[in-house]
2 protein chains.
Amino acid sequence: MKTRIISGLVMVPLLIFVYLGGYPLLAMCVLIGIIGVKEFYDGFRAMGINPSLNIALASAFVLYVINGLAPGNFELICAWFAGSIMLSSLYMFKTTERTPLDAMATMIGIIYVIFFSFHVVLVDQNEVYSVLIWLVLLSAFCTDIFAYFSGYFFGKHKLCPNLSPKKTIEGAIGGTLGSVICSGLFGYFVVPSIWWHCLIMGLIAAVFSQFGDLTASAYKRKMGIKDYGNLIPGHGGIMDRFDSVLFTAPIIYYYIAIVLM
Amino acid sequence: MKTRIISGLVMVPLLIFVYLGGYPLLAMCVLIGIIGVKEFYDGFRAMGINPSLNIALASAFVLYVINGLAPGNFELICAWFAGSIMLSSLYMFKTTERTPLDAMATMIGIIYVIFFSFHVVLVDQNEVYSVLIWLVLLSAFCTDIFAYFSGYFFGKHKLCPNLSPKKTIEGAIGGTLGSVICSGLFGYFVVPSIWWHCLIMGLIAAVFSQFGDLTASAYKRKMGIKDYGNLIPGHGGIMDRFDSVLFTAPIIYYYIAIVLM
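Remember, predicted model here, so these are calculated numbers, not experimental data.

Definitions and limits used
- Residues numbered from 1 in each chain as written.
- Chains lettered and ligands numbered in written order.
- Predicted model: local features only at pLDDT ≥ 70, side-chain atom pairs only at ≥ 80, totals over all residues.
- Heavy atoms only, no water.
- Salt bridge = Lys/Arg side-chain N within 4 Å of Asp/Glu carboxyl O.
- Helix = DSSP H or I, 4+ residues; strand = E, 2+ residues; numbered from the N terminus.
- Buried < 20%, exposed > 50% of the residue type's maximum accessible area, 1.4 Å probe, protein only.
- Expected span 1.5 Å × (residues − 1).
- Phe/Tyr/Trp six-rings, centres within 6.5 Å; stacked < 30°, edge-to-face > 60°.

A. Up close: the pattern of salt bridges. All names here are of chain A. Tallied over the entire structure, the rule returns 12 salt bridges over all chains. Between D42 and R45 there is a salt bridge; the shortest N-O distance is 3.7 Å. Of this pair, D42 and R45 both sit in helix α3 (residues 22-46), 3 residues apart, which is roughly one turn of the helix. Overall, D42 belongs to the partly exposed group, its relative accessible area being 34%. You can call R45 partly exposed: its relative accessible area is 35%. With a closest N to O distance of 3.9 Å, K226 and D227 form a salt bridge.

Okay, here's the thing in structure tokens:
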């Protein structure tokens, strides 16, 4: 449990970047995207699949340049998207050295790590609701922390023993409730006019936060690794810390875009 | 060569749907997307990877519903996109039966077949330049036909022997020139005010048309299949006929959206 708490505290400095928003946050997202995709690809290499980090970096570069030139232009983002998939496809043309799996892993890294984490920037750029950037982290971390303690004290029934043996149904419920309460309180004190939207976002994001966590576990299980890295000694890599955020960021962003805007 | 010509003629009835545009074309795109993704997934099954056709069909359904409710809303398309990737991720949670590769193949099918072919509808929906839908097919088929005959008569130097042994550099050049000429002529007679844009589109689309063709070949090679199906006896499946169009459709669409609009 001690490790878990220290692991949580390691995240605190990052909150400064979230508080600052704008370029510092953008820089952090780029950095997390780059380190994250590298860790993800290293995981694939452990299972004999060799994605192209260069294509992912070029793709990330273009995405952030597009966003700098035309923030929030989703037609351009879709163009970027199609372009990245096509570029990754070219990677498998050298059939003597590479297989479609190498190209596919490249594509998934671009979507799952770079595109998903980019939504943190999109939330921050929102002209009306940029403060909801906090919900991206709050929902992910509260789910995680409350799930851990609920499971620790009340956990009896396994959630998915094959995928993540330590997780319990009690933990999942506790985590979800924790996220709903914290997100509701955040809404009540920070954006009272939409406090119940925050509650709903806390609920949906809690569910997807756990999907994000389990997705990372499913990849790692097949890759045969326990952690994606050891950037923070004893606490795994960037991808181990941000697996939930990768899913909560798009959820919060599209909730704002579709329901609130 | 006779087979090749008949194979080309098989496409003629499809031109009626392109001419009609609107709902008939949309219905054809849905049908091609569904059959195409099924063929693509069957190819994966041949290499021991089991994508979920149900997820792909659900994803296609949602995409076309979104487009019906809010045509050309790319923010919603990105939301659809993130949702499809997350939904496909859930597929690998049953670790006793499935692996991340099954989920990844599901994702790639959704992007490569359904999302890419959807661009045909997007071009057709364009309020100003919907006539350029013809360029999507013209560039793909002219590249294919001219490459074939150029290669047949002048082909000496292999283009990429390991990937697609019959293709020659002379064929690639002839195909590209053929597409440029036909697209330029199309522009000159149909949309004279932007004829040289048509010429440029013919050039870019010709290059990507060949990338599309080679991408399909690279998948098939690893899957250990010669054709994706035999829907049209002797002429392969939908994916064998439309592999180039999957790449030319996004290219033409984003050229229109970014350069012409």
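B. Highlighting helix α9 (residues 195-223) of chain A. Taking 1.5 Å of rise per residue, 29 residues should cover 42 Å, and α9(A) covers 41 Å from first to last C-alpha, within 8% of that figure. Once α9(A) finishes, A:G224 follows within two positions and takes phi at roughly 75°, a positive value.

C. Representation of the packing of aromatic side chains. For the structure shown, the criterion picks out 47 aromatic pairs over all chains. Here A:Y112 and A:F247 contribute two aromatic rings whose centre-to-centre distance is 6.2 Å and whose plane-to-plane angle is 85°, an arrangement assigned as edge-to-face. With A:Y112 in helix α6 (residues 100-125) and A:F247 in helix α10 (residues 238-260), this pair connects stretches of sequence that are 135 residues apart. Since its relative accessible area comes to 2%, A:Y112 is described here as buried. The exposure class of A:F247 is buried, given its relative accessible area of 1%. Taking 5.9 Å as the distance between ring centres and 80° as the angle between the ring planes, the aromatic pair formed by A:F115 and B:F81 counts as edge-to-face. Taken together, the residues A:F115 in helix α6 and B:F81 in helix α5 (residues 74-90) connect one chain to another. Side by side, A:F115 and B:F81 carry an identical accessibility label, which is buried.

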